[in-house]
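Chain by chain, the residues:
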Amino acid sequence: MSDNLLDIQNLHLEFHTYDGVAKVLAGVDLTVRRGDVVGLVGETGCGKSMTALAVPRLIPMPPGKITAGQVLFNGEDLLAKPDDAMEQFRAQHLGMIFQDPTTNLNPLFTIREQLVDAVLYQRANDQRVPGRWLGWLPSAKQMRKEAYDRAVELMRLVGIPDGDKRIHEYPHQFSGGMRQRVLIAMALAGEPDLLIADEPTTALDVTIQAQILRLIKSLVKQFNLTVLLITHNLGVVAKTCETVAVMYAGRVIEKAPVRELFKNPQHPYTQGLINAVPTKYTQRGGLEGIPGLIPNLIDAPPGCRFHPRCPHVMDVCREVVPGEFWIAGEHSVYCHLYGDEA
Amino acid sequence: MPSDALLEVRNLKKYFPVHGGLLNRKVGDFKAVDDVSFIVPRGKTLGLVGESGSGKTTIGKCITRLIRPTDGEILFNGVDLTKLNNRDMRKMRSEIQMIYQAPAASLNGRMTVGQIVGEPLLLHEKLKGAAARQRVLELLHVVGLKEEHYYRYPHEFSGGQQQRIGIARALAVQPSFLVLDEPTSALDVSVQAQILNLLQDLQDRFNLTYLFISHDLGVVRYVCDEVALLYLGKIVEVADVQTIFEEPKHPYTQALISAIPEPDPTDEKEEIILKGDLSLSKPDVGCPFAPRCHAAKVSECDTIEPPLVDTDGGHRVACHLHPEAV
Amino acid sequence: MAEISSSNVTDLESGAPVRWDNLRRGLYRFRSNTLSMVGLSALLIIVVIAIIAPFVVPFPEDAEGALHVTERLQAPSSVHPFGTDKVGRDIFSRVLMGTGLAFRVGFVIIVLATTIGVSIGGIAGYFGGWLDEILMRITDIFLTVPALVLAIAITAALGNGITNTMIGISLVWWPGFARLTRSLVLSLREEPFVEAAFGIGASNMRIIFRHILPNAVSPIIIKMTTDFGFAVLTAAALGFIGLGAQPPTPEWGAMINDGRSYFPDEWWIATFPGMAIWLMVFSWNLLGDGLRDVLDPRARR
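On a predicted model such as this, the values are computed, not experimentally measured, just so you know. (Residues numbered from 1 in each chain as written. Chains lettered and ligands numbered in written order. Predicted model: local features only at pLDDT ≥ 70, side-chain atom pairs only at ≥ 80, totals over all residues. Heavy atoms only, no water.)

**Student:** Please explain the overall build of chain B as it appears in this structure.
**Tutor:** Each helix and strand counted, chain B has 9 helices and 12 strands in total. Computed over C-alpha atoms, the radius of gyration of chain B comes to 21 Å, within 12% of the 20 Å expected from 2.2 N^0.38 for 326 residues, which places it in the range of a compact globule. When the backbone C-alpha atoms are referred to their principal axes, chain B occupies close to 70 × 55 × 45 Å. Looking at chain B as a whole, 58% of its 326 residues qualify as buried. For chain B, long-range pairs separated by at least 24 residues make up 61% of all intrachain contacts whose partners lie at least 6 apart in sequence. For chain B, the accessible surface area stands at approximately 13300 Å², while carbon and sulfur atoms represent 49% of it. Computing the positive centroid from 36 side-chain charges and the negative centroid from 43, chain B places the two 11 Å apart. (Helix = DSSP H or I, 4+ residues; strand = E, 2+ residues; numbered from the N terminus. Rg over C-alpha atoms; globule rule 2.2 N^0.38 Å. Buried < 20%, exposed > 50% of the residue type's maximum accessible area, 1.4 Å probe, protein only. Contact = heavy atoms within 4.5 Å. Areas by Shrake-Rupley, 256 points an atom, 1.4 Å probe, with all protein chains shown as cover. Lys, Arg positive; Asp, Glu negative; His and termini not counted. Charge placed at Lys NZ, Arg CZ, Asp CG, Glu CD.)

Right under this line is the structure:
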C-alpha cells in the first residue's frame, strides 16, 4: 500500500450550460498522504468544492461531465467503480461535512433518529462488520440497540456535553457549533479513512470556529484520520493543516507544506492571496488586493489561467499551460517563472 | 457631548417581545441591545465587534432607523434621531447611509446601475436626466466602475463590483456618516482587500465617519481607529484599536483575539477555547459572560453585573477583575 | 452550486451587449420546451382564428341566430364540417365565432381579478398589522364559499348576461391573486434591497411600486396565464347552466347545453364546442408552464 491515500490525477470536469461549456476543473493534480491534514484553498469559483465532491462522485451528471483524469483511492480508480460498489465505498471509507450545519440536518427528526440512521446505513454497507460475509446479521432490534450505543458514543467523541440526553432533542435545540459537531459525529459513524470537510467553519462564529478546528485536529490524532479541508480562509489553513494546495480557476497552482507555503510563496497568485489578508503587521493603506476579476470559465484564458491578472506575465504564459516545477522538497508550483523557459 | 463626536449613542435599548403560551401572549423581552452607549468621533472609524446574536446589526439598524429603538438617544450632530418625525428623518438620510452585507441582495435586480445610483439623487435633490447621469458617472468613477456599466443590471457583476455599486449609491447624497454592516464578509479575500482600500480612500477623500460592524477581528484591526466589543447586547470593552489588540482586559476580548486565525503557521499565541456558546442563555444575575468565562472568577461575577467603567485613560471595561481607575 | 453560477458572470471587460441576456436565456429555455412551444403555437392560431373568423366562416349569420330549420341536426359533412344544431345553424361557424368572445371573457376576468387581488394583497403584505388582518379575513370569506357557487350567486344576483358573468367570476377570482401577492410582498419586504430603498429615503408608495412589485411580477404573470384558461372554463360552466351569454350568442358553454339533450345520437352539437374549450384551457396551461421556465426557473427545481 502506497503512502498516498488519495491521488487525484489530471482531473477535468465540465459543466454544460446555456452559455457554453464551462471547464470547471482543468487538470487538477492533488495527492493526500495517509494521516495528513491537507488544506485546499482558493476563492469562489476556483473549483475547490468541485474537486472535493468529485471524490465521493457527488457531482450531478449531467450537467457535469468528467472528461479526463483519475481519482485514485488506495490505488483504485473511483471513477471506474460501478454505482453500487461506490455506495459501499462511501459508507466504508468516506466521511463528509459541509458548510451549513443547519440545512444538513432534517428538522423533523431528533438527533437520535438521524445519527442512528447514519450508523445503520454505514453498517448495512460495510463489509467489515463481523459476520457480514457469512450472511449472518444480528436481529434488527439488536442492531438498533448497538447503533444507538454507538450514536451516544459518537456524541461523546465530538464533545457534546450530556450527549445521552441531548441525543433525544431536535436540531433546532442545538446551536450552530453543536449542529456541526453532530454532523461530524455522523461523518465519523463509519470510522472513515478520509474526512472531507468543505468549509466546515465558515458559517460559525470565531470562538466556535476555534472549538471545531481543535476538535477536528484531536480526532485526526485519535483515529488516524486523513482530512481534506476545503476553505477560503488562509488563517484556518495556517492553524489546522500540514500540507496546502492552492487552487485558481480550476487548477492547483501551488503545493507545499504549510510553513513553507506561508514563508515562501512562489506563485504570484499565492503571494497576492497572502498579501490580501490583513495581519497585525499590516499598516493602514498597506493591504494589497489582486487586481482584476476571476476568469469566466466558459471562455477561460489560454495558457496559465492567471496570466491576465499576473504582475509577472511573460509571453509563454499566454500560450502554454505551465507544468509542475519543483522548488524544494515537497514544494511545487505551476508557474513558468520557475521553468526552464524563463 | 465631546465636540469632536459626530454620533453619540446614549443608553440605547432595543427589546423584542417574546411571545409564548397557548394564547401567544407576550411573555417577556428579548434584549437584543441592552443599554449601549458609545461615541463615534468625526472622521474616525469605530468598530462594533461581536458574534452572531451580539446585537451589533440591531444597533446599526436603529441608527439608520430601519427599526425603532425601545429607549435611548441617538445624537447625530447634536440632533436626537429617535425624536425626529418621518419627514425630518427622510431628510436626515442624506447624512447617514448604510452599506449592506449581501451586495447582490441589497440591489434591486430590476433596476440598472444608473437607476440604482441615481435614485437617491432623485429623492433628495430632484435630480433627473442629463445632470443626474453626469453625477452618477462621476460616482461610478469614484468607486472604480466604468462608464459602460451605467446600463447594466446588478446580476451581471461580481460580488466586489456589486458592493462598489452599493457604495456609489450610498455616496450619491454626500453623506458624512456611513454604517458599514459587514461590508466584506460575503467577499473573497482578494476582493475584500480592494473594497477595504476603497473605503479608506473614500474616508480620507470625503472626510467620512464610519461605524464598522463586523465579526472579523482581523479586518477590524486593519480598518478601525476604535473598537467596541459587544456580548449579548452589552458593550464589554471599548478602547482604541491598538489597546484592544495589545492589552485586551476583558476575558471575552482576550478569547476573541486569541481565536483570530492568523495566516501564519508559526504564530504560537496561546489560544483560549471558550466553553459552550451563546446558547448558554444569559444568566439572570451577574456578569452575562460568567458561564463561559475562563478567567479566575471572583464571587461578584455570579451576583453583580459589572458596569462599564474607565480603567485607565479611556479604556473602558465591564469586568469585575478590572475595577475603575481611581 | 456557486461554481456553476459564478461561471455565468458575464465578462464585463468584453463590453458585449448583455442587457437582454436574461430574456435571451429565458427564450432559450422556452424554446427548448416542446410542450410550451405547442401551447404558444396553438394560442397564436386561436388568436388568428378569433380575428379572422367573422370574415372567413361559411355562415357568419348563424352566429347571430339565423334559422335554417330544414337543415337541422345534420351530421358533419363538407358543407357543415362540425354539423348543424337543432335549428340548423352551422356549428363550425358558431364555434369559430365564439373564440373571440371566449378571449374577451377570459381577458376581462383575469385583468379585473389581478387588479383587485394585487392591490389588496400588496397593501396587506406591505403594511401588515390590522390592515393585513382585515383585508385577509375578507379574502378568506371569499375563499370559504366554493368559487363556482359564489360566482353563480353573484351572477344570479346581478342578472343574466355575459357582462355580469364576467363581473361575477372576477369577484370570486381575485382572492387567489391577493394571497399570492401578499406572500410575495411579505418575503420581498424583508429583502435587503427594500431596506436599502428605505435607507435612501424612498416613500412607501415608491418602495411598493418601484422596488417590490417589479420583483413580484413574474409569478403574477405566470398565474395570470395559467388562470386564463380556467377563467374561460368557468365562464363556459356558467353559460352551460344558462347564466352567461344569452341565446343566440355563440358562447361555448351555452352551445354544449344546447347539445346536451341530443347526446349521444347527435354527438357533434356538444362535442365540438367542448373540444374548443379543452383546447383553450390546455394551450394556456402549456404556455403558463413554459413562462414559468422563462420567468421563474427556480420554481421548477
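Picking up where we left off.
**Student:** In this structure, what is going on with the sheet that holds strand β1 (residues 5–20) of chain B? I would like to understand it.
**Tutor:** Sheets are built from strands paired through backbone hydrogen bonds, the pairs being either parallel or antiparallel. Residue and element names in this part refer to chain B. The strand order β2-β1-β4-β5 describes an open sheet built from 4 strands, whose pairing is antiparallel. Lying at the two open borders of the sheet, with one neighbouring strand each, are β2 (25–41) and β5 (79–80). Where β1 meets β2, 13 bridges bridge the pair, whose relative direction is antiparallel. Paired with alanine 5 across the strands is proline 41, a residue of β2. Taken strand by strand, helix α1 (residues 56–63) contacts β1, β2 and β4 (71–76), and its axis lies near 115° from that of β1. (Pairing = 2+ DSSP bridges. Axes fitted to C-alpha atoms, helices over the stretch in contact; angles between N-to-C directions.)

**Student:** Is there a simple way to think about the nonpolar core in this case?
**Tutor:** Counting residues in each nonpolar core, the largest one holds 100 residues, and the members touching the most others are Leu6, Val55, Leu115, Ile184, Ile196 and Leu228 of chain A. At 8 residues, the largest contribution of residues to this core is made by helix α6 (residues 176–188) of chain A. Among residues more than four places away in sequence, those in contact with leucine 228 of chain A are Leu6, Leu30, Val32, Val38, Leu40, Leu194, Leu195, Ile196 and Ala197 of chain A. Among the nonpolar cores identified, the runner-up in size contains 67 residues, and Leu287 of chain A together with Leu107, Val220 and Ala255 of chain B belong to it. (Core = buried A, V, L, I, M, F, W, Y, C linked by side-chain atoms within 4.5 Å.)

**Student:** Looking at this structure, how should I read the pairing of strand β3 (residues 45–49) of chain B?
**Tutor:** The side chains of a regular strand alternate between the sheet's two faces. All names here are of chain B. With 5 of 5 residues buried, β3 lies mostly within the body of the structure. Alternating positions in β3 separate into two faces, Thr45, Gly47 and Val49 on one and Leu46 and Leu48 on the other, with burial throughout. Sheet analysis places β3 next to strand β8 (residues 209–214), joined by 5 bridges and oriented parallel. Each bridged residue has a counterpart across the sheet, and for valine 49 the counterpart in β8 is serine 214. Relative to strand β9 (residues 226–231), β3 runs parallel, the two being bridged by 4 bridges. Bridge pairing in β9 places glycine 47 opposite valine 227.

**Student:** How do you make sense of helix α2 (residues 83–93) of chain A when you look at a structure like this?
**Tutor:** Quick reminder: α-helices carry 3.6 residues per turn. Residues three or four places apart thus point the same way. Of the positions making up α2 of chain A, those classed as buried are Met86, Phe89, Ala91, Gln92 and His93 of chain A. In the core, the buried residues of α2 of chain A are packed alongside β4 (64–73), β6 (94–97), α3 (111–125) and β7 (194–198) of chain A.

**Student:** What is the right way to look at the domain arrangement of chain B in this model?
**Tutor:** Accessible area lost upon the coming together of the parts is a frequently used measure of interface size. Residue and element names in this part refer to chain B. Taken domain by domain, chain B holds domain 1 (5–95 + 175–317) and domain 2 (109–173). Put simply, the middle of domain 1 and the middle of domain 2, counted by C-alpha atoms, are 30 Å apart. Across the contact, 17 residues belong to domain 1 and 11 residues belong to domain 2. Of the roughly 1100 Å² buried at the junction of domain 1 and domain 2 (both faces included), carbon and sulfur atoms supply 74%. Counting the contacts that link domain 1 with domain 2 gives 0 salt bridges. At the junction of domain 1 with domain 2, the criterion picks out 2 residue pairs in polar contact (both at pLDDT 80 or more). Those elements that provide at least two residues to the side of domain 1 that touches domain 2 are α2 (86–92) and α6 (189–206). (Domains from an automatic or database assignment. Buried area = accessible area lost by both parts, 1.4 Å probe. Salt bridge = Lys/Arg side-chain N within 4 Å of Asp/Glu carboxyl O. Polar contact = N/O pair within 3.5 Å; in protein donor to acceptor, adjacent residues only side chain to side chain.)

**Student:** Would you mind going over the interface of chain B and chain A with me for this structure?
**Tutor:** Facing 41 residues of chain B, the contacting portion of chain A comprises 40 residues. At the junction of chain B and chain A, the tally comes to 0 salt bridges. Connecting chain B to chain A are 10 residue pairs in polar contact (both at pLDDT 80 or more). In terms of residues, the side of chain B that touches chain A owes the most to one element, α6 of chain B, which gives 11 residues. Counted by class, the side of chain B that touches chain A contains 15 nonpolar, 14 polar and 12 charged residues. (Nonpolar A, V, L, I, M, F, W, Y, C, P; charged D, E, K, R; others polar.)

**Student:** Please explain unusual backbone geometry as it appears in this structure.
**Tutor:** Residues apart from glycine generally show negative phi values, whereas peptide bonds are mostly found in trans. The phi angle at glutamate 199 of chain A is positive, at roughly 50°, despite the residue not being glycine. Given a relative accessible area of 8%, glutamate 199 of chain A falls into the buried group. The phi dihedral of leucine 232 of chain B falls on the positive side, at around 50°, and the residue is not glycine. Along the chain, the position of leucine 232 of chain B falls in the loop between β9 and β10 (234–240).

**Student:** What is the right way to look at the packing of aromatic side chains in this model?
**Tutor:** In this description, an aromatic ring pair is defined by two values, namely the gap between the centres and the angle between the planes. Counting across every chain of the model gives 19 aromatic pairs over all chains. Here the aromatic cluster, defined as three or more aromatic residues joined through ring pairs, consists of Phe82, Phe92, Trp267, Trp268 and Phe272 of chain C. Sitting over the face of the ring of tyrosine 150 of chain B, arginine 133 of chain B holds its NZ or CZ atom 4.7 Å from the ring centroid. Seen from the ring of phenylalanine 177 of chain C, lysine 223 of chain C lies directly overhead, with NZ or CZ sitting 5.3 Å from the centre. (Phe/Tyr/Trp six-rings, centres within 6.5 Å; stacked < 30°, edge-to-face > 60°. Lys NZ or Arg CZ within 6 Å of the ring centre and 35° of its normal.)

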